[in-house]
There are 2 protein chains.
Amino acid sequence: MMQLPKLDEYDSAPVYVQLSDHIKQEIFCGALVEHSRLPSVRKLAELLGISTTPVEAAYQQLIAEGYVYSQPRRGYRVRAVVEGYHDILLGKSDTQITEDTKGINHASMTNRQGQAASTVVSPDLQSLRPVTNVTYDFHMSHNDFSLFPYAKWQQYANRVWREEAEELLFYGNPQGERGLRNEIAAYLAQFRGVRCTPEQIVVGAEQHLLMSLLTQTMLRKGGIRSIAVENPGYRLLPGTFRNYGYEISPVSLDNEGINLDELDRASVSLAGVSPSHQFPMGMPMPISRRLALLDWAERSGAYLIEDDYDGEFRYSGRPISSMQGLRENTPVIYMGGFSQVLAPAFCIHYMVLPKELLPHFGEVYRTVLFEQSASRLHQRTLELFMRDGELGKHIRKMRNLYKRKHDLTVQSIQQHFGAWPGFEIRGEHAGFHLMLRLNSKQMANAMVATALKTGVQVASAAYLWANESVPADGKKEFMIGFAGIELEKIEPGIAALASIWKV
Amino acid sequence: MMQLPKLDEYDSAPVYVQLSDHIKQEIFCGALVEHSRLPSVRKLAELLGISTTPVEAAYQQLIAEGYVYSQPRRGYRVRAVVEGYHDILLGKSDTQITEDTKGINHASMTNRQGQAASTVVSPDLQSLRPVTNVTYDFHMSHNDFSLFPYAKWQQYANRVWREEAEELLFYGNPQGERGLRNEIAAYLAQFRGVRCTPEQIVVGAEQHLLMSLLTQTMLRKGGIRSIAVENPGYRLLPGTFRNYGYEISPVSLDNEGINLDELDRASVSLAGVSPSHQFPMGMPMPISRRLALLDWAERSGAYLIEDDYDGEFRYSGRPISSMQGLRENTPVIYMGGFSQVLAPAFCIHYMVLPKELLPHFGEVYRTVLFEQSASRLHQRTLELFMRDGELGKHIRKMRNLYKRKHDLTVQSIQQHFGAWPGFEIRGEHAGFHLMLRLNSKQMANAMVATALKTGVQVASAAYLWANESVPADGKKEFMIGFAGIELEKIEPGIAALASIWKV
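Residues numbered from 1 in each chain as written. Chains lettered and ligands numbered in written order. Predicted model: local features only at pLDDT ≥ 70, side-chain atom pairs only at ≥ 80, totals over all residues. Heavy atoms only, no water.

A. Main features of helix α17 (residues 487–502) of chain B. Residue and element names in this part refer to chain B. Between its first and last C-alpha atoms α17 spans 24 Å; for 16 residues at 1.5 Å apiece the expected length is 22 Å, and the two agree. Turning to α17, its buried residues are Ile490, Gly493, Ile494, Ala496, Leu497, Ala498, Ile500 and Trp501. Close packing links the buried residues of α17 with β3 (136–137), α15 (390–417), β13 (433–438), α16 (444–453), β14 (456–457) and β16 (476–481). (Helix = DSSP H or I, 4+ residues; strand = E, 2+ residues; numbered from the N terminus. Expected span 1.5 Å × (residues − 1). Buried < 20%, exposed > 50% of the residue type's maximum accessible area, 1.4 Å probe, protein only. Contact = heavy atoms within 4.5 Å.)

Quick look at the structure:
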């Protein structure tokens, strides 16, 4: 049975249009299914307290548009809706989708949906992402939100809404709110040793977007058409630059990070590195290598992209300062964001551009006239949160918690895997994950699949190697994320993994 | 004088580090200026109720790092901070910047800031945007937020935060929340006649980002390296596609929209159009031309991009349905968003892809592994808002208000400009702006500048013409936005404009 519409006499649409729109919506949302009977004209008019004329007109409109049919003595009924609309109907009434909106059961969604609606030609992107209904979730980029300052954040958000909403609803600064950029500059100076002015900071909702703006900026600067990337490394850089026509040179790593001789031979003028906590191997780049990299860049007139996505989280000693701030005016593009230190949901990232790139960035703006992509409301809330020192406080709290998880994970892995052939832990003491390395005749992906079937989620690092190359020693590598999993599940989870793989 | 820090014994950082961090922050934020004196070790220890040891250690740390110097009998003082940091200090203490965070006085910011900080090498992007402190603001994309359902939106937002925050803080579906896409599909079917399933909808925070993903999708599909765009037209399309190496073919307009003969001769397989309300000329594309365009696309195996940014706002008759939904499975990429119908601040846009492009879109995802850019919290709030019919209600209310403003603007322009040589109004009855056309010997940009100086903001359409071409009849064209200005300012504003230009 359909819900009664709320008719609005101040609405610019006539009553019959409001009524027919409402009935269409009820059909789309599945409240009225095929062949279900609508109330009679007289009955509906009575229920709504209006004359029969607009009800009659609405029904005639719906018949004309093909939503409704009428049969003598069987009344007005819902017609099977046309194909394009039918998918929507399926979409809305399918219980899998309701689950999906709650973030559950992503992995199995595609198949089940594919069976339900034959018109679905591509899996939903969500199905390419990690499942979240496992017992032991060692996914490498899960946060722990148990200590998130929910009440405090909401206070700030509500204050922003109450006091500034009317103004903030409008378009903001395409480069990011100035107030937030002031806070980011101060934060980066204090926590990451980055040297920059707010003018050098570009705020954006997403890393690929910022990388895309950077690529366009480099293209406008001219002369640079290739980029060296770490192998193995994060896919974002090679993926984005390749799509703009750049040539990609994967450069291998040694124990200190990107191999300088190889980089030199690559003859590029742009290189992407992750010195705080190399992704995925996890080692920090020592100061000597950082300085040598900066020397290389200055010698060859090159730029460096410094990905510092989790630089705040170091569990032995203090965080290592950024490479960007090691000297004045380094040719370094610094990438950071608030997904790790706060939460992915707010969608706030940033990059710091060397001053000489700013005019080229301005040209890109004038070409495409992009808008700011990060919510102005979230930006302003974050600004107040940072201004009052809440972010620093939160990071210290989280560092504490993640350190406990990290220590327990290392200890559990040593306990359960320590005697295995080729056993090694790499890249511990920082970030959200560490690397477990083993000799094994099985394929890494098969091992991951076996683990998943038994409720343990870990990831293989195999897909992060360029051109399907593999580690020189042939070991299998797994990224063990420890930030998201509950503390008390760590040891049992590692034990379960060992017993699954032992079989 | 600096504020006393709140020391936290549960913090993982030692007290001396907390203290030195705090003092650094005070220096960055300008509370402690160069050469200002810090409290003595004994005094600060007393004020904080701690022993002198950590205070002494903090001061030594600050001296080592170059933030503080000490002189016999003159105590500890703040050192002139290094250049990179100095800019931040300037940034934070400059009153212009405080104004900027409130969205005021953007135009003059650059200069004044440029004078204050000589290191600023590029204007802030904000300075390239419209000023907002004019008396009569006819900017073409300003919304009216006086009827925004503030209380209702906050209710939904707070409910989402209260009930779902812990789960929503994590990464969401990179294609957009499924629940929101369900609502968008139903909304588009009902309000815009678009035929699609939620699987075809891609949500993103910003139009350039979505266009960029579309460009990459088309590149993966292969074979298409050029695009026809409307001339004059919105810069986003040619700007984005050109940056990916596409060739751009500007195609002129006739009274019904894009010129089909010219389009045919351009031999392209991709064309961008705005049939609901051509930007900037404003005319709607009649059904015959839409069908002819679809025929052209099918005949030549081409795709059409339909920009429908303000299609909901039509003030005579009902909104015209989209081109995408005129037939089944049209080769149309439909672009829409919530900036016009709701507010730009939430940063939620979307595109609808033809089904056969979905696998290529999936490939793009696997290449760069982009994240969702639109805030998951805003997405979920919007979903509930739409589900309960609030968006439809709001649009009807706004259409009513904008219609009144539109009618008054047309009437005022006729009154004050009706007798001018070459006078014409084009593109009325829809959207957020109309086009005022005049004969004039002055440059359009000069006229805009004169108006602005006297407090009236309008825009010239000159920059929207490709290759500096101009209208064939040589008229000067101005976009008069009527949505953002207060109702009672419309007539006086148009009168002021006429009197400024008459001189």
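B. Representation of the packing of aromatic side chains within the structure. Summed over all chains, the structure comprises 53 aromatic pairs over all chains. What links up through ring pairs into an aromatic cluster is the set A:Phe145, A:Phe148, A:Tyr150, A:Trp153, A:Tyr156, A:Phe346, A:Phe385 and B:Trp161. (Phe/Tyr/Trp six-rings, centres within 6.5 Å; stacked < 30°, edge-to-face > 60°.)

C. Region of interest: unusual backbone geometry. All names here are of chain A. Of note, the bond from Asn231 into Pro232 is cis; its omega dihedral lies within 30 degrees of zero at 5 degrees. Mapped onto the elements of the fold, Pro232 is located in the loop between β5 (226–231) and α10 (236–243). Phi is positive for Asn329, close to 50 degrees, though the residue is something other than glycine. Of the residues examined, Asn329 reaches a relative accessible area of 59% and is grouped as exposed. The backbone phi angle of His429 is positive, close to 75 degrees, even though this residue is not glycine. Checked against the element boundaries, His429 lands in the loop between β12 (424–426) and β13 (433–438). According to the relative accessible area criterion, His429 is partly exposed, its value standing at 33%.

D. Up close: the environment of B:Ala189. All names here are of chain B. Along the polypeptide, Ala189 turns up in helix α8 (residues 178–192). On the basis of relative accessible area, Ala189 is assigned to the buried category, the value being 4%. Measuring from C-alpha to C-alpha, the distance between Ala189 and Ser322 comes to 9.6 Å, with 133 residues separating the pair along the chain.

E. Layout of the sheet that holds β16(B). Residue and element names in this part refer to chain B. Taken together, the four strands give an open sheet; going across it, the order is β12-β13-β16-β15, and neighbouring strands pair in antiparallel fashion. With one partner strand each, in any of the chains shown, β12 (424–426) and β15 (459–460) form the two edges of the open sheet. The pairing of β13 with β16 spans six bridges and is antiparallel. From the neighbouring strand, Arg437 faces β16, where its bridge partner is Glu477. (Pairing = 2+ DSSP bridges.)

F. Structural detail: the pairing of strand β8 (residues 270–273) of chain B. Residues and elements named next belong to chain B. Alternating residues of β8 divide into Leu270 and Gly272 and Ala271 and Val273, and every residue in both groups is buried. Across two bridges, strand β5 (residues 226–231) lies against β8 in parallel orientation. Bridge pairing links Ala228 to Ala271 in β8. Bridge count between β8 and strand β9 (residues 303–307): four bridges; the pairing is parallel. Opposite Gly272, over in β9, you have Ile305 as the bridge partner. Note that the unit made of β8, helix α12 (residues 287–299) and β9 has a crossover that is right-handed. (Right-handed = clockwise from strand over helix to strand, strands pointing away.)

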